[in-house]
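# Descriptive structure summary
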Amino acid sequence: MRKYIIIISLIALLFSLGACGKSKEESKTMQQIQEKEGVPVRIQTISTETFVQQLRYNASLSGKQESTAQSDLSEVVSQIHAKVGDRVSKGQLIISFPTTAPAAQYEQASTAFAAQQTAYQRMQRLYESGAISKQELDNIETMYKVSKANLESSESMIKVRAPISGILSALHVSQSDKVYPGKDLFTVSATDGYKAVMMVPTQDAPQIKKGSAATAEVNGEILKGRITEVGMAPDPMLRAVRVVATFNGMNRKISFGSTATVNIDIFSKPNCIVVNREHLNFENGNAYVWVAENNRAVRKEVTLGLSDQLHYEVLTGLSAGDQLIVAGKNLVSENGLIRIMAEEE
């Protein structure tokens, strides 16, 4: 029995040693493959382009043209007839207040108008029959028009309508809210474009000019526009200058109120070699890149120029046509063998 136990133990030990040996053999094989075929990398062929220096800010997008309706009453909101995101037409009813609101005097105005309308219609018939003069008809017509204007004014207080056509981009009140004169009720944004308002630090403001190109990015969607307003003086509290960018057209994937990254062009220089920040390496204050030459990795020191923190102009060290290693650069070594991967790999 003891003899069988010893034999089984020896067999298990041999299997264990064999497995370890096989693992080491596979590890060596991987290293050998890499040494033989090269470290896999991806490259980008360098070409000249226009370097654009930009300033970046976050801003909320509103309508290029928008109008906000305000309350004329101190009253409770009776009903809201639309919801945010609805397309509305100019004059469409959005919010209503009770017809009994004292300040509006709607019921009195309505009664007075009905009486004047009846009187005016009766006087028209009398005039047509020759029973009254033109002067008498004109007098009653004037009273009729005044009562009609009073009713329309009263009605505009309790029935608040869209001032322009567009999208209902904001509701500032809810049903049953108590509001006061001057309180914002809702905002309608026209569908002819977007606007971004930014408060720019005073040190940046002199670099921004009216008419400068600007883009707004929201979830990968890009809007192109221009700077249309640059404040003349900074806000004393914020120590910042108001800058407005506008963008024509509409994008269904971008809604009003979205937060966008706004890029403002402040300087451009043609025929530059530009490298992304992630493709650069820094050591002891010096910058360098890895390039592919004859299937070997070569380290090249570069001199940098303009920068927007994400992209750098390369003044010396790279030329058009060089093959910049953009993936796998952390695995390569000087003059080490590399394998350039195809796009589909």
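The structure this text deals with has already been given above.
A short tour of the structure in this document, coming up. Here the structure is a predicted model, which means the values were calculated and not measured. (Residues numbered from 1 in each chain as written. Predicted model: local features only at pLDDT ≥ 70, side-chain atom pairs only at ≥ 80, totals over all residues. Heavy atoms only, no water.)

So, about the pairing of strand β9 (residues 166-171). Two faces make up the sheet, and in a regular strand the side chains alternate between them. Two elements, strand β6 (residues 87-88) and β9, share 2 bridges in a ladder whose sense is antiparallel. When the sheet's bridge partners are listed, Val 88 is paired in β9 with Gly 166. Pairing geometry for β9 and strand β11 (residues 184-189), over 4 bridges, is antiparallel. Bridge pairing in β11 places Ala 170 opposite Thr 187. (Pairing = 2+ DSSP bridges. Helix = DSSP H or I, 4+ residues; strand = E, 2+ residues; numbered from the N terminus.)

The next point concerns the environment of Ile 80. Among the secondary structure elements, Ile 80 is positioned in strand β5 (residues 79-80). Taking the C-alpha atoms as reference points, Ile 80 and Ser 174, 94 residues apart in sequence, are found 7.6 Å from one another. Setting aside residues up to four positions removed in sequence, Ile 80 forms contacts with Ile 94, Ile 95, Leu 171, Val 173, Ser 174 and Gln 175. (Contact = heavy atoms within 4.5 Å.)

The next subject is helix α3 (residues 134-158). Two residues of an α-helix separated by three or four positions point the same way, owing to the 3.6 residues in each turn. End to end, α3 covers 36 Å across 25 residues, agreeing with the expected 36 Å (1.5 Å per residue, within 8%). When we look at burial in α3, the residues that qualify are Leu 137, Ile 140, Tyr 144, Ser 147, Leu 151, Ser 154 and Ile 158. Where α3 is buried, its residues contact β7 (93-96), α2 (106-128) and β8 (159-161). (Expected span 1.5 Å × (residues − 1). Buried < 20%, exposed > 50% of the residue type's maximum accessible area, 1.4 Å probe, protein only.)

This part covers the pattern of salt bridges. Using the criterion set out here, one finds 12 salt bridges in the structure. In this structure, the salt-bridge partner of Arg 299 is Glu 283, at a minimum N-O distance of 3.0 Å. With Arg 299 in strand β19 (residues 296-307) and Glu 283 in strand β17 (residues 281-283), this residue pair connects regions lying 16 residues apart in the sequence. Where salt bridges share partners, they join Glu 283, Arg 299 and Glu 301 into one cluster. (Salt bridge = Lys/Arg side-chain N within 4 Å of Asp/Glu carboxyl O.)

As summarised here, the arrangement of the 3 strands in space is β5-β7-β8, forming an open sheet in which the pairing is antiparallel. Strands with a single pairing partner mark the edges of an open sheet, and in this sheet they are β5 and β8. Bridge count between β7 and β8: 3 bridges; the pairing is antiparallel. Residue pairing for β8: Leu 93 is matched across the bridge by Arg 161.

Core analysis: the biggest nonpolar cluster contains 30 residues, and Ile 94, Ile 95, Phe 97, Leu 185 and Phe 186 have the highest contact counts within it. For this core, the secondary structure elements donating two or more residues are β7, α2, α3 and β11. Counting residues per element, this core draws most heavily on α2, at 6 residues. Beyond its immediate chain neighbours, meaning those up to four positions away, Leu 185 contacts Ala 69, Gln 70, Ser 71, Ile 95, Phe 97, Val 160, Leu 171, His 172, Val 173 and Val 179. Counting residues in hydrophobic clusters, the runner-up holds 25 residues, among them Ala 59, Ile 227, Phe 247 and Val 262. (Core = buried A, V, L, I, M, F, W, Y, C linked by side-chain atoms within 4.5 Å.)

Next up on the list: the packing of α2 against α3. Their axes nearest at 8 Å, the elements α2 and α3 cross at an angle of 155°. Accordingly, the angle class assigned to the pair α2 and α3 is roughly antiparallel. As for how α2 packs across α3, the hand of that crossing is left-handed. Of the residues belonging to the contact of α2 with α3, the class tally is 14 nonpolar, 7 polar and 5 charged. (Axes fitted to C-alpha atoms, helices over the stretch in contact; angles between N-to-C directions. Parallel < 35°, antiparallel > 145°, perpendicular 65-115°, else oblique. Left-handed = near helix turned anticlockwise from the far one by under 90°. Nonpolar A, V, L, I, M, F, W, Y, C, P; charged D, E, K, R; others polar.)

What follows is about the sheet that holds β6. As summarised here, the arrangement of the 4 strands in space is β3-β11-β9-β6, forming an open sheet in which the pairing is antiparallel. Looking along the sheet, the strands with just one partner apiece sit at the ends: β3 (66-70) and β6. Strand direction decides the pairing type here: β3 and β11, joined by 5 bridges, are antiparallel. Across the sheet, Thr 68 pairs through a bridge with Thr 187, a residue of β11.

Take the environment of Val 88 next. Mapped onto the fold, Val 88 is located in strand β6. Classification of Val 88 as buried rests on a relative accessible area of 2%. Considering only alpha carbons, one finds Val 88 and Ser 189, 101 residues apart in sequence, at a separation of 9.6 Å.

Attention now moves to the side chain of Ser 258. Its place among the elements puts Ser 258 in the loop between β15 (240-248) and β16 (259-276). With relative accessibility at 13%, the residue Ser 258 sits in the buried group. Excluding anything up to four places from it in sequence, Ser 258 contacts Ala 59, Ser 60, Leu 61 and Val 218.

Glancing now at unusual backbone geometry. Even without a glycine there, the phi angle at Asn 219 is positive, about 50°. Secondary-structure assignment places Asn 219 in the loop between β13 (213-218) and β14 (221-230). Not every positive phi belongs to a glycine, and Arg 239 is a case in point at roughly 55°. With respect to the helices and strands, Arg 239 occurs in the loop between β14 and β15. Using a relative accessible area of 65% as the deciding quantity, one classes Arg 239 as exposed.

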